[in-house]
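The primary structure of each chain is shown beneath.
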Amino acid sequence: MQQVPPRYHTTYFSHIWDGGYSAGYYAYLWSEVLDDDAFYWFKEHGGMTRANGQRYREMILSRQGTEDAATIYRAFRGRDPNVEPLLEERGLKQP
């Protein structure tokens, strides 16, 4: 039986390593971690209620650029961001 020749060569993926793509992709994934973790806070606290939205507005949206982003997020969530909600949303982990 004949082998199927590879379709991709390492040069096809040079855009991943050159020009900052990897750093941009890392930032994109990190924003997904924050997004899913914050969304799970809403799920854990009764969903999208007016009170929860107001808390998010006061603790996150209105404070951007005034303090360290990690400090702002910790104050909102009560802990550091967790990757578990991202894994659950992608179907890589059972809830």
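Here is what the cut-offs are and how they apply
Residues numbered from 1 in each chain as written. Predicted model: local features only at pLDDT ≥ 70, side-chain atom pairs only at ≥ 80, totals over all residues. Heavy atoms only, no water. Phe/Tyr/Trp six-rings, centres within 6.5 Å; stacked < 30°, edge-to-face > 60°. Buried < 20%, exposed > 50% of the residue type's maximum accessible area, 1.4 Å probe, protein only. Lys NZ or Arg CZ within 6 Å of the ring centre and 35° of its normal. Helix = DSSP H or I, 4+ residues; strand = E, 2+ residues; numbered from the N terminus. Arc of directions from axis to C-beta. Contact = heavy atoms within 4.5 Å. Expected span 1.5 Å × (residues − 1). Patch = residues over 30% accessible without salt bridge, like charges linked within 9 Å, V, L, I, M, F, W, Y side chains within 5 Å. Areas by Shrake-Rupley, 256 points an atom, 1.4 Å probe, with all protein chains shown as cover. Salt bridge = Lys/Arg side-chain N within 4 Å of Asp/Glu carboxyl O.

Caption draft 1: Just the packing of aromatic side chains, in detail. Under the defined criterion, the tally for this structure stands at seven aromatic pairs. Seen in terms of ring centroids, Phe39 and Tyr40 are 6.3 Å apart; in terms of plane orientation they differ by 70 degrees. Their pairing is edge-to-face. What makes Phe39 partly exposed here is its relative accessible area of 38%. A relative accessible area of 11% places Tyr40 in the buried class. Cation over ring: Lys43 sits above Tyr40, and NZ or CZ is 4.3 Å from the ring centre.

Caption draft 2: Spotlight on helix 4 (residues 69-77). Buried residues of helix 4: Ile72, Tyr73, Phe76 and Arg77, and no others. For helix 4, the angular spread of buried residues about the axis comes to 120 degrees, placing them on one side. Where helix 4 is buried, its residues meet helix 2 (21-44) and helix 3 (50-59). Gly78 lies just past helix 4 and shows a positive phi near 85 degrees.

Caption draft 3: Structural detail: the environment of Trp30. Following the sequence through the fold, Trp30 ends up in helix 2. With 53 residues separating them in the primary sequence, Trp30 and Val83 have C-alpha atoms 9.0 Å apart.

Caption draft 4: Seen up close, the side chain of Asp37. Among the structural elements, Asp37 can be located in helix 2. On the basis of relative accessible area, Asp37 is assigned to the buried category, the value being 0%. Apart from residues lying up to four places away in sequence, Asp37 is in contact with Tyr73, Arg77, Arg79, Asp80, Pro81, Asn82 and Pro85.

Caption draft 5: Examining helix 2 more closely. With 24 residues, helix 2 ought to run about 34 Å at 1.5 Å a step, and its terminal C-alpha atoms sit 35 Å apart, in line with that. Among the residues of helix 2, Glu32, Val33, Asp36, Asp37, Ala38, Tyr40, Trp41 and Phe42 are the ones counted as buried. In this structure, the buried residues of helix 2 make contact with helix 3, helix 4 and helix 5 (84-89). Among the residues trailing helix 2, Gly46 stands out with phi positive, at a value near 95 degrees.

Caption draft 6: Inspection of a nonpolar patch on the surface at higher detail. Taken together, the side chains of Tyr21, Tyr25 and Tyr28 define a hydrophobic patch exposed on the protein surface, amounting to about 340 Å² of accessible area. Relative to the helices and strands, Tyr25 is located in helix 2.

Caption draft 7: Spatial organisation of the pattern of salt bridges. By the definition in use, this model includes seven salt bridges. With a shortest N-O distance of 2.8 Å, Asp37 and Arg79 are connected by a salt bridge. Of this pair, Asp37 sits in helix 2 while Arg79 is found in the loop between helix 4 and helix 5, placing the two residues 42 residues apart along the sequence. By relative accessible area, which is 30% here, Arg79 ends up partly exposed. Members of the salt-bridge network, linked through shared partners, are Asp37, Glu44, Arg77 and Arg79.

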